Amino acid sequence: MVFSSAAETLTIGSLVPFLSILTMPERVFQSNFASPLVFATGAATPGDLLVPITILFIGATVLSGGARLLQQWLTTALSFAVGAELAVDVFRRTLYQPYFVHTGRNSAEVAIGASKAKALVSGVILPVFAIINGALLVLSVSAFLFLLDPSKSVVLFAGFAVIYLFVATTVRRKVYANGIILSREAVASKKLLTESLGGIRDVLLDGTQERYAGLFRTIEARLSRANVVNMFVAGSPRTLIETAAIVLVAVVILPIAKESSGSVLNSIPIFAALALGAQRLLPVLQMAYASWVSLRSSRPMLLDVLALLEQPIPAFSQPDSVRKLPFKREISIHELAFAHDSERERALHSVSFSIKKGERLGIVGSTGSGKSTLLDLLMGLLTPTAGFIDIDGTPLNPQAARSWQTQISHVPQHIFFADATILENIALGHSADAINVDRVKRAAAMAQIDEFIDSLPMGYHTQVGENGVRTSGGQRQRLGIARALYKSPSVLLLDEATSALDDETEQAVMESVYALSAELTIIIVAHRISTLRRCDRIVELGRGRVERIGSYQEVLLAGKKSDVA
């Protein structure tokens, strides 16, 4: 930027001797400016300087143009590199946030966080560079023109400054208010799209298309109005300046003509330098002003991104620093309690029991009994409000949670599938070149889904479609189990993983689960006790408390007696 500003000033400066040699060659030969050139070229007459000065002017112009192009390339490249780095850092920090933070956020807000970081390129980063570049160029060119003709330069630039300052002072509050609207409505638009398209089945069944379309129209109208005002405010001073420039040039040239006793010819070099300087500065001033408007309107978005960048990253952010927490004997749960909010009723109350290594443990209970909360605590995703969990005597606290999570795998009710191959979905989260194909096949065999995969024309390279649309419910659950087993866990947790299946498919899936290695500890959360028929023990929860623990027959019989009573 500094080099580009200097080259621009050199171009304007070289215009004066170039025009002087054309209009007043004898005066140029006598000027102090030409002395070094006369000495260097050995010129004897004014005509001898015509070619060197022309070459100087052309060289300065080419140098200035090349410098501007290089600066534009470097500025743009650096801006987008910074924007990409910010987006990556926002996304990375968001991924590392505790589970309770994610459950308290709308997914649209998280998704749009990285988008806002990338939007800072055009809204903040490029405008900052434009303002810095504009300031350097204005200072450089203004200083030269002031030395050339102080009084005329002051009149010219004072006029430009007054107009821009007046407009900026008038609109700054409106621009900031529009920035808040743009930031807020962008999130609202993303939420609406996510909710309506994510629940398209209900939208079609309920016939609510027009309601969502109307809401979207309202949001887009607010965004449109805010953008129109900001773009008009950013561009309008240029029209005022261009009009004022003609007036200012007329005001400046009049004294020049008078000083030259009516002959404007002698003043053409100075006038041309002032005109070229104004011509160079007008776009720069306009860009700097438009950049200020962009910065002002992007401030709310910038504050949102800064808040996301301040999200803490835990000490275990480096995967190599995480070691598996040993599990050889049992998981002990002592007087465990949890509340999602300190002012709300606890989801769990004084829960205590233990899980032996290699045990098949079932957890059953009605909706709201605390099953999923207990599972989240066992996985280290939540921190107990009271009580504690320990693994072979080691407390499961936030510091040990990541080490414990390397030992466990989770199969949820609704399994996410990427629009990729079966191979990539079983090894989800691993890059293509890091996938261990043999381990994928072993995991598929243990989940009893290998025969189905082998029967497909493309085998493990078959595309499953978005969210596994090309597979049946039972196949999706088996693939989910295979994905969990690919991690080679010590503990497998199934969170109502078969509740959406019919009885026959559920039984087949559970048979494959019970057939897994005896060394693998399996914890199965279910809504129906029949799902847990082959578990070693069953823990029944009710209203956040342990109501009974026993074998399938004991819990079933106790439940029947309770119903009769």
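Residues numbered from 1 in each chain as written. Predicted model: local features only at pLDDT ≥ 70, side-chain atom pairs only at ≥ 80, totals over all residues. Heavy atoms only, no water.

(A) How the structure looks around the overall build of the protein. For the protein, the count of helices and strands is 18 helices and 10 strands. Sorting the 565 residues of the protein into buried and exposed places 44% on the buried side. For the protein, restricting intrachain contacts to residue pairs at least 6 apart in sequence, the fraction spanning at least 24 positions comes to 76%. (Helix = DSSP H or I, 4+ residues; strand = E, 2+ residues; numbered from the N terminus. Buried < 20%, exposed > 50% of the residue type's maximum accessible area, 1.4 Å probe, protein only. Contact = heavy atoms within 4.5 Å.)

(B) Structural view of the pattern of salt bridges. Tallied over the full model, the rule gives seven salt bridges. A salt bridge links E330 to K356; the nearest nitrogen and oxygen atoms lie 2.8 Å apart. Taken together, the residues E330 in strand β1 (residues 330-338) and K356 in strand β2 (residues 348-356) connect sequence positions 26 residues apart. Judged by its relative accessible area of 23%, E330 falls in the partly exposed class. (Salt bridge = Lys/Arg side-chain N within 4 Å of Asp/Glu carboxyl O.)

(C) Summary view of the pairing of strand β10 (residues 545-550). Sheet topology note: the strand β9 (residues 537-542)/β10 ladder contains five bridges and is antiparallel. Paired with V539 across the strands is I549, a residue of β10. Here β9 folds back onto β10 in antiparallel fashion, the turn holding two residues, of which R543 has a positive phi close to 55°. (Pairing = 2+ DSSP bridges.)

(D) The arrangement of the side chain of K371 in detail. Mapping K371 onto the fold places it in helix α11 (residues 371-378). The residues contacting K371, other than those within four sequence positions of it, are I363, V364, G365, S366, E496, V525, A526, H527 and L541.

(E) Structural context of unusual backbone geometry. One non-glycine residue, D392, lies in positive phi territory at about 50°. Note on placement: D392 falls in the loop between β4 (386-391) and β5 (394-395). Positive phi values are uncommon outside glycine, yet Q448 reaches one of about 60°. For Q448, the location among the structural elements is in the loop between α14 (437-446) and α15 (450-455). Residue Q448 is classed as partly exposed on the basis of its relative accessible area of 41%.

(F) Region of interest: the environment of L520. Locating L520 in the fold gives a position in the loop between α17 (503-514) and β8 (521-526). Note on L520: relative accessible area 7%, which makes it buried. For the pair L520 and K357, spaced 163 residues apart in sequence, the C-alpha to C-alpha distance is 7.5 Å. The residues contacting L520, other than those within four sequence positions of it, are G358, E359, R360, L485, P489, S490, V491 and L492.

(G) How the structure looks around the pairing of β1. With six bridges joining them, β1 and β2 adopt antiparallel strand pairing. Paired with I331 across the two strands is I355, which belongs to β2. In terms of strand pairing, β1 meets β4 through five bridges, oriented antiparallel. Opposite I331, over in β4, you have I391 as the bridge partner.

(H) Fine view of the packing of helix α16 (residues 473-486) against α17. Contact geometry of α16 with α17 gives a least axis separation of 10 Å together with a crossing angle of 15°. With respect to their mutual orientation, α16 and α17 come out roughly parallel. Of the two possible hands of crossing, α16 and α17 adopt the one that is right-handed. Between α16 and α17, the residues in contact are G474, Q477, R478 and I481 and T505, A508, V509, S512 and V513, respectively. (Axes fitted to C-alpha atoms, helices over the stretch in contact; angles between N-to-C directions. Parallel < 35°, antiparallel > 145°, perpendicular 65-115°, else oblique. Left-handed = near helix turned anticlockwise from the far one by under 90°.)

(I) Main features of the sheet that holds strand β3 (residues 360-365). Strand order in this open sheet of six strands is β6-β7-β8-β3-β9-β10, and the pairing throughout is mixed. With one partner strand each, in any of the chains shown, β6 (408-411) and β10 form the two edges of the open sheet. Going across the sheet, the axis of each strand differs from the next one's by a mean of 15°, ignoring polarity. Docked against the sheet, α16 engages β6 and β7 (491-495), running at close to 170° with respect to β6. The sheet strands contacting α17 are β3, β7 and β8, and the helix crosses β8 at an angle near 155°.

(J) Inspection of the sheet that holds β4 at higher detail. Pairing is antiparallel in the open sheet, where four strands are placed in the order β2-β1-β4-β5. The sheet is open, and its two edges are formed by β2 and β5, each paired on a single side. Helix-sheet contacts for α11 involve β1, β2 and β4, and the interaxial angle to β1 is about 125°.

(K) Layout of a nonpolar patch on the surface. A contiguous nonpolar patch, built from F3, L10 and L63 and spanning about 280 Å² of accessible area, is present on the exposed surface. Along the chain, L63 falls in helix α4 (residues 50-95). (Patch = residues over 30% accessible without salt bridge, like charges linked within 9 Å, V, L, I, M, F, W, Y side chains within 5 Å. Areas by Shrake-Rupley, 256 points an atom, 1.4 Å probe, with all protein chains shown as cover.)

(L) Up close: the nonpolar core. Counting residues in hydrophobic clusters, the biggest one holds 41 residues, and the most contacted among them are I426, L492 and I524. For this core, the elements supplying multiple residues, two or more each, are α13 (422-426), α14, α16, β7, α17, β8 and α18 (552-564). Per-element tally for this core: the top contributor is α16, with six residues. Not counting residues up to four positions away in its chain, the partners in contact with I524 are L361, G362, I363, L494, M510, V513, Y514, L532 and C535. Among the nonpolar cores identified, the runner-up in size contains 29 residues, and L325, I355, L374 and L382 belong to it. (Core = buried A, V, L, I, M, F, W, Y, C linked by side-chain atoms within 4.5 Å.)

(M) Spatial organisation of the packing of α14 against α16. The contact between α14 and α16 brings their axes to 8 Å, and the two run at 130°. It follows that α14 is oblique to α16 by the angle criterion. Crossing of α14 against α16: the hand is right-handed. Of α16, the residues touching α14 (which contributes R439, V440, A443, A444 and M446) are A482, L485 and Y486.

(N) Geometry of the environment of I524. Of note, I524 is situated in strand β8. By relative accessible area, which is 2% here, I524 ends up buried. Between the C-alpha atoms of I524 and E496, which are 28 residues apart in sequence, the distance is 7.3 Å.

(O) Focus on α17. The first and last C-alpha atoms of α17 sit 16 Å apart over 12 residues, in line with the 16 Å expected at 1.5 Å per residue. Restricting attention to buried positions, one finds in α17 the residues E506, V509, M510, S512, V513 and Y514. Its buried side turned inward, α17 meets β3, α14, α16, β7 and β8. (Expected span 1.5 Å × (residues − 1).)

These figures capture arrangement, not role.
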